Amino acid sequence: MKVLILGSGVIGVTSAYYLARAGHEVTVVDRQPEPALETSFANAGEVSPGYSSPWAGPGVPVKAIKWLLMKHGPLVIRPKLDPVMWVWLSKMLRNCTSARYAVNKSRMIPIAEYSRDCLRDLRRDIGIQYDERSQGTLQLFRYQAQLDGTGEDVAVLKQYGVPYETLSREGCIAVEPALAGVKEKFVGGLRLPQDETGDCHMFTQALAKHAEALGVRFMFNTGIGHIVTDGARVSGVATSAGMLQADAYVLALGSWSSRLVAPLGISLPVYPVKGYSITVPITDATGAPESTVMDESYKVAITRLGNRIRVGGTAEISGFSTKLYDARRATLDHSLTDLFPRGGDLSKATFWSGLRPMTPDGPPVIGPTRYGNLHLNTGHGTLGWTMSCGSGRVLADMLSGKKPDVDVSALTVDRYAHRFG
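Now for a description of the structure that goes with this document. (Residues numbered from 1 in each chain as written. Predicted model: local features only at pLDDT ≥ 70, side-chain atom pairs only at ≥ 80, totals over all residues. Heavy atoms only, no water.)

Quick look at the environment of Gly 381
Part 1: Structurally, Gly 381 is set in the loop between β20 (374–378) and α11 (384–399).
Part 2: A relative accessible area of 10% places Gly 381 in the buried class.
Part 3: Note: C-alpha distance between Gly 381 and Thr 27 (354 residues apart in sequence) is 25 Å. (Helix = DSSP H or I, 4+ residues; strand = E, 2+ residues; numbered from the N terminus. Buried < 20%, exposed > 50% of the residue type's maximum accessible area, 1.4 Å probe, protein only.)

Concerning the packing of aromatic side chains
Part 1: Applying the stated rule across the entire model yields 9 aromatic pairs.
Part 2: Taking the centre distance of 5.6 Å and the plane angle of 80° together, the rings of Tyr 130 and Trp 385 count as edge-to-face. Of this pair, Tyr 130 sits in the loop between α4 (98–126) and β5 (137–141) while Trp 385 sits in helix α11, and the two are 255 residues apart along the sequence.
Part 3: It is Arg 31 that lies over the ring of Trp 256; its NZ or CZ is 4.7 Å from the centre.
Part 4: Sitting over the ring of Tyr 325, Arg 78 keeps its end group 3.7 Å from the ring centre. (Phe/Tyr/Trp six-rings, centres within 6.5 Å; stacked < 30°, edge-to-face > 60°. Lys NZ or Arg CZ within 6 Å of the ring centre and 35° of its normal.)

A word on the pairing of strand β10 (residues 224–230)
Part 1: Sheet analysis places β10 next to strand β11 (residues 233–239), joined by 6 bridges and oriented antiparallel. Within the sheet, the bridge partner assigned to His 226 lies in β11 and is Ala 238. (Pairing = 2+ DSSP bridges.)

Quick word on unusual backbone geometry
Part 1: If you check the backbone angles, Ala 36 has positive phi at about 60° while not being a glycine.
Part 2: Looking at the element boundaries, Ala 36 is found in the loop between β2 (25–29) and β3 (46–47).

Overview of helix α3 (residues 83–94)
Part 1: For α3, which comprises 12 residues, the first-to-last C-alpha distance of 17 Å matches the rise-based estimate of 16 Å (1.5 Å per residue) to within 8%.
Part 2: Looking only at α3, the buried set comprises Met 85, Trp 88, Leu 89, Lys 91 and Met 92. Take α3 and look down its axis: the buried residues cluster within an arc of 160°, on one side only. Seen from the open side of α3, the exposed residues pointing more than 90 degrees away from its buried face are Pro 83 and Leu 93. (Expected span 1.5 Å × (residues − 1). Arc of directions from axis to C-beta.)

Some points on the pairing of β11
Part 1: With respect to burial, β11 is a largely interior element, 5 of its 7 residues being buried.
Part 2: Turn length for the β10-β11 hairpin, with the two strands adjacent in sequence and antiparallel, is 2 residues, and the turn residue Gly 231 shows positive phi of about 70°.
Part 3: For β11 and strand β12 (residues 242–244), the ladder comprises 3 bridges, and the chain directions are antiparallel. Counterpart to Ala 238 in the pairing with β12 is Met 243.
Part 4: Taking the residues that link successive antiparallel strands as the turn, the β11-β12 hairpin has 2 residues.

Focus on the pattern of salt bridges
Part 1: Inspection of every chain in the model, using the stated rule, returns 24 salt bridges.
Part 2: Note that Arg 120 and Glu 196 form a salt bridge whose closest N and O atoms lie 2.8 Å from each other. Of this pair, Arg 120 sits in helix α4 while Glu 196 sits in strand β8 (residues 196–197), and the two are 76 residues apart along the sequence.
Part 3: Residue classification places Arg 120 among the partly exposed residues on the basis of a relative accessible area of 29%.
Part 4: Residue Glu 196 is classed as buried on the basis of its relative accessible area, which comes to 1%.
Part 5: Three or more residues are tied together by salt bridges with common partners; here these are Glu 113, Arg 116, Asp 117, Arg 120, Arg 123 and Glu 196. (Salt bridge = Lys/Arg side-chain N within 4 Å of Asp/Glu carboxyl O.)

This is the structure:
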C-alpha cells in the first residue's frame, strides 16, 4: 500500500521504517526541516519498560498538592480557560485508584518490554548507534518512606517477570560509583537492570536514513492543514504542498493529534504535558552517572549520553506553550548538582522543553479508527522513546494484515471510549 505518515518524531519514523521494511510505499510529512526536532529532540534519554507506569495512581491527588507547594516540585499547573484541559484532568483523577492503576500499568508494560526487544533487534540488524548504554536504571530514594512504599510497583514487576533489585545505600554506590560522595543524601534504590538509555534524537535521525534507504520519502517544511474524508474513509490530507493522497494514513503527531481528528468526530483524549531538560557537557567522567538515576523526590531523571549528561523532568500542564521558565531549570540544576556535583559544567548547559502527548490513564492509543484507512499511533506520554520501536512494529503488522507479536487490543481506538468513558 501507499501509506502517508503525519509526523517525523520517533513514533512517526519508527512506523515508517517498519512499514517500509514490510514492503509498503511510505511518505512522511512534517512541518520541521528534519526528523525529531520537537518532543523527540531532548527527552530524558530513558528506555525504561520497567518504569512504564501511569502518572494517575493511588495517592497522586494528595501528592499533587504537596508537589505544587514544593520549591522544586515536579508538578506545575498553569490554569487556562480551556475546557479540554479540565476534562482531561478530571479523567486523570478518575484513574487515581489502585484498581485502575494496576490495569493501566498492565497495559503499558507488555508494549514497553516488546519495544525494548525490537530496539535490541535493530542494533543487531542494522548496527544503529545513538550513544546507547545497557546498564539499567536506578530509582534513587532520599527517604526511607519512599523505599518502603515500593510494594505495589514491585508486585507488578514480579507479575510480568521484570527483573529488579532492591538496593541499600552501598548497593546504589556499587552501580553508580559517583554517588559515593553524596551517600548521606539517599537511603537506597530500586534498580531495573534490563532498562537502557540513549539519545532519542540521534536514534531517530539515524533510523530516518535507514528508512530512506528502504524507499521512504520525507517531505519536510510541509505544514499539515486538515484531513479530508469521503464517507467512512480518508481521501487525503491538505498540506502546504497541496493535497496528499494514499491508501492508508497514520497519525503520529503527538500532542497535536487530537486537534487534527476532532473535526472528524473522533474524541482523542491526548493532551500536552510539558517537560523540561538540560544537556550538560561532562567535565569529570568519574563524577557523572553511569546510566540513568531517577531522583524520586523531584521526579528528575539524570542520564549519561556519551560525553553529555541529560537531566529531564517536570510535568507542566499549561496547554501548548513551550515557553522556558527559569524556575523549572532551577529544579533540574538542583537535582544534578546535589547528586553529581562534579559531573558537568552547568554554565555550558542547553535548556529545552517539549510537549509530551499524555492520555489521562497512561497507555498510548495505537490502531485503526472509525475511518477504515486512518490509524493512530500517539498518546505515549513520557514513554514515546521507550515504546517507539514496538509501537511502530505493531502498527506495521496491523496495516500488513499480520497479527502483532504482542497483544495491544486494549490500546486500539475502538477500546478507548471504554478506557476514558
